[in-house]
Amino acid sequence: MKIQRVLPLILSILFMSLVATAQKNYTKDADQAFRSEEYFKAIELYKKASTKEKKKAAKAAIIFKIAESYRNINDMKQAEVWYTKAITAKYPDPIAILHLADAKKANGKYNEALTEYNNYKTLVPSDPRGEDGAKSSELAQKWKDNPTRYSVENVVQINSKYSDFSPAYADKKYNTIAFSSTREGSTGSEADPVTGENFSDVYETKVDKKGKWSTPVPLGEAVNSKINEGAVSINKKQTAIYFTRCDFKKNGQLGCSILRSEKKGTSWGDATAVKLFADTITVGHPAITKDEDKLFFASDMEGGQGGKDIWYVTYDKKAQTYGAPVNLGSPVNTPGDEMYPYVHDDGTLYFSSNGHLGMGGLDIFRADKSGDNFSNVTNLKFPLNSSADDFGIIFEGTKERGYLTSAREGGKGSDDIYSFVLPPLLFTLQGVIKDVDTQAPIAGATVKLVGSDGSSVEVKSGANGGYEFAQNGSARYVNPNTSYTVSAIAEKYLGDKGTFTTVGLEAATNFTKDLSLKSTKKGPIRLPDILYDLNKWDLKPQYQDSLNGLIQTLNDNPNIVIELGAHTDTRGTPKDNSTLSQKRAQSVVDYLISKGIDAERLQAKGYGESRPLISDKQIAAMKTNEEKEAAHQKNRRTEFRVVREDFVPKVDPNAPKVAPKIQDVSEEEEEAE
């Protein structure tokens, strides 16, 4: 009997429970969680609401809110999926298209992102985010295709499957780092309703001489609490630590403040809040300068450029007080978010932003110090940046290496710590020294490399004529941002040289410069055609330029003495031609001396018509007057040959320059008779 009376009561309770469940307003609860920034909780509630919602417009709005929640917890893969669903469900606001483009860019799908940005730009032409997004997608692909020289590697030993982020050096030798992590073992036992992960704590780890990292350990209860701690900054003396702590107020809104703790022996003392505003719930990401005179931080307080901005306060170390907050303004801050500041030892500001043109999510930027402010904001490009969030960069003093945080593909968790280094920019120069006529290699040639930075080094060519300038241990022979001249000389050869430059190069380059030397043992070397009018000897301006090569040869080979030989054709009398060739040789000599060539290096001769290249018999056999005239012009030539290679200039460089006497070959022959 008792069972018969109890059973209807149980059925009644079950029925009422089912009705209550069916009537539960998941959308209302999800909206409340969303407003409280409890996005992980909101996602689950919105998904339940979506399955029960029958109205298409309301369902599209719920799907959009799911996408927004994923975006706010930086799960951009799921955000892309749900923004696509929202657009398919006819969600009316074009902002869904913009955020889909952002998600695709964050997932490295730059071409698809470009299409969506252009779609948004068409729908909302007044919003610059469409145009900026399109530009950033094109730039991102360009930067990815042409990476900088930085090398970036995941610090696998200290990362976990959870979020590990915001490293800071914790000793003077740069062997210990403190960082934030949501890994298991955190001080708090509850899950963060924003991310669904553990609350973050600050950990410390040390690397030994072999590059092995110790197991990260929490800093202790003076720093860590049951809520989130992160974004650490430690002063140069390692005596004070600044960090962010985020809590929940009664209304569920997330609030953050900056705390400071001083070293007490080997541990940290009780942390106290840094009073920056009357209400410090909107500040975080502290960065203390090298001299500890300024504290930079991020805040979304009123008076900024929009979103989160970077601010700073001046710190009075004696009074231990902070001045009024100053917003960095433009060009650092934008209507987007600027966060995670870091001040390099040289004063350069590094920070992360989604408001400047970037590769996706947060990108790391640098800004040069300019008086009391900063200018020349520059994206660090790939691979320091990626399509995902990149932030929390630190440098090992003034060295081009350090650590950063990234959520890029290939990591162990949602955020991982990566090491980075800028490898030396290596350049090499190699080549072969050859005989210009025979192409035979010349062994033992002296190859000299002279740089615009004042450097000078020599090597000898090998048995195969080859030479090389490459880094040898710590000795670097080809330097960055330097212009070079490479020259080669060898006995019984005229020298040759070439030029190249490393200025502006950002990639290692192997230069090749083969040099060809002209033998001085094979008779006269003909100069470029210096043509004279019939019975004329004056050197025309256009042919003065033809002698620049000879001037260069003489300057490149300062030890040689040459004989200049002037020749005529066979028309006219031998005596007249002899006189004419003397005057022609004289005109060349005068020009060379006027250009600074020592007269003692010039031995000139007028050969007249005695040594034609083309004989009268050959000319007579030619069919046309044009051919005959061309042959006569070839006979009217100037040549030079090296007669000595032991020239030493006079001690007095200001001694008067005297032109050498032009020797008449016919006079020499008469004397010989």
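Cut-offs applied
- Residues numbered from 1 in each chain as written.
- Predicted model: local features only at pLDDT ≥ 70, side-chain atom pairs only at ≥ 80, totals over all residues.
- Heavy atoms only, no water.
- Axes fitted to C-alpha atoms, helices over the stretch in contact; angles between N-to-C directions.
- Helix = DSSP H or I, 4+ residues; strand = E, 2+ residues; numbered from the N terminus.
- Parallel < 35°, antiparallel > 145°, perpendicular 65-115°, else oblique.
- Left-handed = near helix turned anticlockwise from the far one by under 90°.
- Contact = heavy atoms within 4.5 Å.
- Nonpolar A, V, L, I, M, F, W, Y, C, P; charged D, E, K, R; others polar.
- Buried < 20%, exposed > 50% of the residue type's maximum accessible area, 1.4 Å probe, protein only.
- Disulfide = S-S within 2.5 Å.
- Phe/Tyr/Trp six-rings, centres within 6.5 Å; stacked < 30°, edge-to-face > 60°.
- Salt bridge = Lys/Arg side-chain N within 4 Å of Asp/Glu carboxyl O.
- Pairing = 2+ DSSP bridges.
- Expected span 1.5 Å × (residues − 1).

Lay out the packing of helix α2 (residues 26–35) against helix α3 (residues 39–52) with the relevant residues and their values.
At their nearest, the axes of α2 and α3 sit 8 Å apart, and the two run at 160° to each other. Relative to α3, the element α2 is oriented roughly antiparallel. Here the hand of the crossing between α2 and α3 comes out left-handed. Touching Tyr26, Thr27, Asp29, Ala30, Asp31, Ala33 and Phe34 of α2 are Tyr39, Lys41, Ala42, Leu45, Tyr46, Lys48, Ala49 and Lys52, all from α3. Tallied by class, the residues present in the contact of α2 with α3 amount to nine nonpolar, one polar and five charged.

Can you tell me about the side chain of threonine 289, naming the residues and giving the values?
Turning to its location among the elements, threonine 289 is positioned in the loop between β11 (283–288) and β12 (294–299). According to the relative accessible area criterion, threonine 289 is buried, its value standing at 10%. Beyond its immediate sequence surroundings of up to four residues, threonine 289 is in contact with Lys294, Phe296 and Val343.

Can you tell me about the state of the cysteines, naming the residues and giving the values?
The full count for this structure, using the stated rule, is one disulfide. Each sulfur of the disulfide joining cysteine 246 and cysteine 256 lies 2.0 Å from the other. For the disulfide bridge between cysteine 246 and cysteine 256, the dihedral angle about the S-S bond is near 105°, and by the sign convention the bridge is right-handed. Residue cysteine 246 is found in strand β7 (residues 240–248), and its partner cysteine 256 is found in strand β8 (residues 254–264); the two are separated by ten residues along the sequence. In this structure, cysteine 246 and cysteine 256 share a single accessibility class: buried.

Any chance you could break down unusual backbone geometry for me, citing the residues and the numbers?
In the segment running from serine 330 into proline 331, the intervening peptide bond is cis, with an omega of 10°. Cis geometry is found at the peptide bond from phenylalanine 382 to proline 383, where omega equals 15°. Tracing the sequence through the fold places proline 383 in the loop between β19 (373–379) and β20 (390–395). Even without being a glycine, asparagine 376 presents a positive backbone phi close to 55°. With respect to the element layout, asparagine 376 can be found in strand β19. We note that lysine 492 has phi near 65°; this positive angle belongs to a residue other than glycine. Within the secondary structure, lysine 492 is located in the loop between β27 (483–489) and β28 (493–494).

Before we move on, can you summarise the side chain of threonine 482 with the specific residues and values?
Following the sequence through the fold, threonine 482 ends up in the loop between β26 (466–469) and β27. If near-sequence neighbours (up to four positions away) are discounted, threonine 482 is found in contact with Gly451, Ser452, Asp453, Thr501, Thr502 and Val503.

Can you lay out the packing of aromatic side chains for me, pointing to particular residues and giving the numbers?
The final tally for this structure, using the stated rule, is 21 aromatic pairs. Note on tyrosine 169 and tyrosine 174: the rings are 4.9 Å apart at their centroids and 90° apart in plane angle, and the pair reads as edge-to-face. The interplanar angle of 40° and the centroid separation of 6.2 Å between the aromatic rings of phenylalanine 427 and phenylalanine 511 together place this pair among those described as tilted. With phenylalanine 427 in strand β23 (residues 427–435) and phenylalanine 511 in strand β30 (residues 509–512), this pair connects stretches of sequence that are 84 residues apart.

Could you give an account of the pattern of salt bridges, naming the residues involved and the relevant values?
Applying the stated rule across the entire model yields 27 salt bridges. Note that aspartate 390 is salt-bridged to arginine 408, the shortest N-O span being 2.9 Å. Residue aspartate 390 is found in strand β20, and its partner arginine 408 is found in the loop between β21 (401–406) and β22 (416–421); the two are separated by 18 residues along the sequence. Just as aspartate 390 is buried, arginine 408 falls in that class too. A salt bridge links glutamate 629 to arginine 636; the nearest nitrogen and oxygen atoms lie 3.6 Å apart. Since its relative accessible area comes to 31%, glutamate 629 is described here as partly exposed.

I'd like to hear about the pairing of strand β16 (residues 338–343), residue by residue, with values.
Most of β16 sits inside the fold, with six of its six residues counted as buried. In this sheet, strand β17 (residues 349–353) lies alongside β16 in antiparallel orientation, the contact comprising four bridges. Each bridged residue has a counterpart across the sheet, and for glutamate 338 the counterpart in β17 is serine 353. Here β16 hands over to β17 after five residues, with glycine 347 in that stretch at a positive phi of 95°.

Report on helix α8 (residues 128–145), specifying residues and quantitative values.
Given a rise of 1.5 Å per residue, 18 residues ought to cover 26 Å, and the 26 Å separating the end C-alpha atoms of α8 matches this to within 8%. Every buried residue of α8 is accounted for by Gly130, Gly133, Ala134, Ser136, Ser137, Ala140 and Trp143. In this fold, the buried residues of α8 make contact with α6 (95–106), α7 (110–123) and β19.

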